[in-house]
Amino acid sequence: MASTEIQNIFAELGLTPPADVGEGGLVIKDPSNGQTLARLATHDEDAALAMVDKAQAAFKKLRNMPGPKRGELVRQMGEMLRTHKEGLSKLVCAEVGKGIEEARGEVQEMIDICDFATGLSRTLGGRTLMSERDGHRMMELWQPLGVVLCISAFNFPVAVWSWNAAIAFVCGDSVVWKPSPKAALCGIAVHELLKPVLEKAGHGDAMQLVLERDVKVAEALVDDARIPLVSATGSCAMGRKVYPRVASRLARCLLELGGNNAIIVDKTANLDLAAHAIAFGAAGTAGQRCTSTRRVFVEAAVADALMGKLEPAYRQLSERIGDPRDSANLIGPLIDEQAVAAFTSAVERAAAAGGDVRAGGKALEGDGNFVQPTLVRVPDGQPFPLMAEETFAPILYVQAFPDGGLDEAIASQNSVEQGLSSAIFTDSVRAVERFYSPDGSDCGIANVNLGTSGAEIGGAFGGEKETGGGREAGSDAWKSYMRRQTCTINGSDALPLAQGIKWE
Ligand code: NAD
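Cut-offs applied
- Residues numbered from 1 in each chain as written.
- Predicted model: local features only at pLDDT ≥ 70, side-chain atom pairs only at ≥ 80, totals over all residues.
- Heavy atoms only, no water.
- Pairing = 2+ DSSP bridges.
- Helix = DSSP H or I, 4+ residues; strand = E, 2+ residues; numbered from the N terminus.
- Axes fitted to C-alpha atoms, helices over the stretch in contact; angles between N-to-C directions.
- Contact = heavy atoms within 4.5 Å.
- Domains from an automatic or database assignment.
- Buried area = accessible area lost by both parts, 1.4 Å probe.
- Buried < 20%, exposed > 50% of the residue type's maximum accessible area, 1.4 Å probe, protein only.
- Arc of directions from axis to C-beta.
- Near = heavy atom within 4 Å.
- Polar contact = N/O pair within 3.5 Å; in protein donor to acceptor, adjacent residues only side chain to side chain.
- Areas by Shrake-Rupley, 256 points an atom, 1.4 Å probe, with all protein chains shown as cover.
- Nonpolar A, V, L, I, M, F, W, Y, C, P; charged D, E, K, R; others polar.
- 1 Å grid on protein atoms, 1.4 Å probe; cavity = no way out; pocket = protein on both sides within 12 Å on 5 of 7 lines; lining within 4 Å.
- Points joined across faces, edges and corners; volume = space filled by probe spheres on them.
- Salt bridge = Lys/Arg side-chain N within 4 Å of Asp/Glu carboxyl O.

Draft legend 1. Just the sheet that holds strand 6 (residues 174-178), in detail. Strand order in the open sheet formed by five strands is 7-6-5-8-9, with parallel pairing between adjacent strands. For this open sheet the edge positions go to strand 7 (207-209) and strand 9 (252-256), each flanked by a neighbour on one side alone. With direction set aside, neighbouring strand axes in the sheet form an average angle of 15°. Sheet analysis places strand 5 (residues 147-151) next to strand 8 (residues 229-233), joined by four bridges and oriented parallel. The residue of strand 8 that forms the bridge with Cys 150 is Ser 231. Sitting on the sheet, helix 6 (residues 159-171) is in contact with strand 5, strand 6, strand 7 and strand 8, with an inclination near 165° to strand 6.

Draft legend 2. Structural detail: the domain arrangement of the protein. If you check the domain split of the protein, you get domain 1 (4-257 + 468-485) and domain 2 (261-448). Contact with domain 1, which involves 21 residues of that partner, is made by 23 residues of domain 2. The contact between domain 1 and domain 2 buries some 1,800 Å² in all, and 56% of this surface belongs to carbon and sulfur atoms. Contact with domain 2 buries surface across domain 1, with Pro 31, Ser 32 and Glu 102 losing the most and accounting together for 29% of the total.

Draft legend 3. Spatial organisation of the side chain of His 136. Checked against the element boundaries, His 136 lands in strand 4 (residues 136-144). A residue is classified by how much of its surface remains accessible, and His 136, at 14% relative accessible area, is buried. In contact with His 136, not counting residues within four places along its chain, are Ser 131, Thr 488, Ile 489, Asn 490, Ser 492 and Pro 496.

Draft legend 4. Structural context of helix 13 (residues 406-413). Among all positions in helix 13, only Leu 406, Ala 409, Ile 410 and Gln 413 are buried. The buried residues of helix 13 occupy an angular sector of 95° when projected down its axis, which confines them to one face. Those residues of helix 13 that are buried are in contact with strand 10 (261-265), strand 11 (293-299), strand 14 (395-401), strand 16 (421-425) and helix 14 (429-436).

Draft legend 5. Spatial organisation of the site of the ligand. Near the ligand there are 28 residues, and of these Ser 152, Lys 178, Ser 235, Leu 257 and Glu 390 occur at the shortest range. Ser 152 places a polar main-chain atom, nitrogen or oxygen, 2.8 Å from an oxygen atom of the ligand. Separating an oxygen atom of the ligand from a backbone N or O atom of Gly 234 is a distance of 3.3 Å. The protein chains hide 90% of the 840 Å² of surface that the ligand would expose on its own. If you list the elements that add at least two residues to the shell around the ligand, you get helix 8 (216-222) and helix 9 (236-248). If you tally residues by element for the shell around the ligand, the top one is helix 9, at three residues. In the shell around the ligand, the residues fall into 14 nonpolar, eight polar and six charged.

Draft legend 6. Region of interest: empty space enclosed by the protein. Overall, the coordinates contain one cavity of 30 Å³ or more when judged by the stated rule. Computed from the structure, the largest cavity encloses a volume of approximately 80 Å³. Around the largest cavity, the lining comprises 14 residues; the ones closest to its centre are Gly 97, Lys 98, Thr 285, Gln 288 and Pro 333. Here the lining of the largest cavity is built from residues that sort into six nonpolar, six polar and two charged.

Draft legend 7. Looking closely at unusual backbone geometry. Even without glycine at this site, Thr 285 takes up a positive phi of about 50°. Tracing the backbone shows Thr 285 in the loop between helix 10 (271-283) and strand 11. Since its relative accessible area comes to 9%, Thr 285 is described here as buried. For Asn 449, which is not glycine, the phi torsion reads 60° and is therefore positive.

Draft legend 8. Geometry of the pattern of salt bridges. Taken as a whole and judged by the stated rule, the model has 31 salt bridges. For Lys 182, the salt bridge is made with Asp 336, and the minimal N-O distance between the two is 3.5 Å. Of the two residues, Lys 182 is situated in the loop between strand 6 and helix 7 (184-200) and Asp 336 in the loop between helix 11 (300-318) and helix 12 (337-352); the sequence distance between them amounts to 154 residues. Judged by its relative accessible area of 15%, Asp 336 is buried. Between Arg 349 and Glu 389 there is a salt bridge; the shortest N-O distance is 3.1 Å. Here Arg 349 is found in helix 12, whereas its partner Glu 389 is found in the loop between strand 13 (374-377) and strand 14, with 40 residues between them in sequence. Residue classification places Glu 389 among the partly exposed positions, given a relative accessible area of 34%. Three or more residues joined by partner-sharing salt bridges are found here, namely Glu 5, Asp 30, Asp 323 and Arg 325.

In structure tokens, the structure reads:
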């Protein structure tokens, strides 16, 4: 049987808890105490490929449904999520250890994207264009694409699926979801909660869920020629494996990969604002967001003043580590023991390389994968190679840049392989313009006077370089989920050829 807590949460959601398959099942452990939450059945390759069959058949029906009617289904999904926001937030909190307040924010993001997609369903459309030929009209038609494979990471166990699925459904696509094996319960709950909305309308098979414990089944899906779009969220290492496989069959990949995000603070900045944003960005979600702040570059004139604000803030945060179910705690656990080991190793290497650990630095004794939010003051004026690594934990490196050296700070910010999120704190309009110039931030997200994490769904979300170049959620990210058709209609009695060619 699943743990009592999981049974209660599923009951609150109006769902039957998943069966316990005993030894050999996919084991889900509570990251805050190490207790087993569930032992789940997984799918083999045949079962996964059979789901693609079903998703493909469902796509053929869904693509002919008017867009606004598909939008209505997504609206109903949003309503279902509104009703069950608290239950689903509790599940996110229990399974991946996200603080309950942040878990509520994650489910709210699902609701928001459903609202966005509902509106979008009435506005999806292309342009009409001027034809060079007499009596001709040109236009762009956007057509549904097909089966979308959504591979998601553990740290946004429900929101990432919704960024993909809400948009894919209004575009007329079906979705096969392969969640992280570390967040399978969240996958099951979302699937069971929302699939009935599609089922009632006769489109239940447009939503499929594949659970697996290793990557073999996922790789079979990635290789499946019936899937025209693979949307994969996770580490750069995963992207490096998935991308060539999808490219080898000339299909589309939408990649949302790792980040190594920086905040620049110049001497004109409001340091209280900056310190607050830095602490939330670096320590929130225990540093397990793709957009977590990992590096700060501060102008030398205000470096000590900023550290004077960050150090006490970090000391306070260290007193607010604990069970993520208690909203008084601001720092929950890391996902598993390997993540704790990666944290400990990074802190040791930072100290060995001359970093001054000003706060935190320790994993907590006892049950659960808790670590202290850690602040490392890095020697100025020299490279510190560890800063180029994304350690998925609450470690923040702070380095000063010379007074007046904004260009140097921007170059340091851009010097890493990833290009997801970036921010500058400044009251100087010149610095803002510099940050937004073509030589400025090279990231997909660039903020002024707010932190690197916590994007709104209305914008297109994603990053450059090894973050993968994909864009999800708002703006025109929907274009990845459709195929564009350029259509020319001849309304005249003649057949003029393009480019004025005569062929008589
Ligand atoms: P991960 O790369 O270990 O796993 C992500 C997903 O990919 C999982 O579902 C996993 O099973 C699957 N996967 C792994 N190898 C695969 C393969 N060879 N073929 C097919 N599927 C494979 O990442 P994680 O530890 O779950 O998440 C943390 C990472 O995700 C961090 O690097 C973080 O920055 C990144 N992330 C990025 C975004 C973004 O939008 N850019 C959002 C969330 C997380």
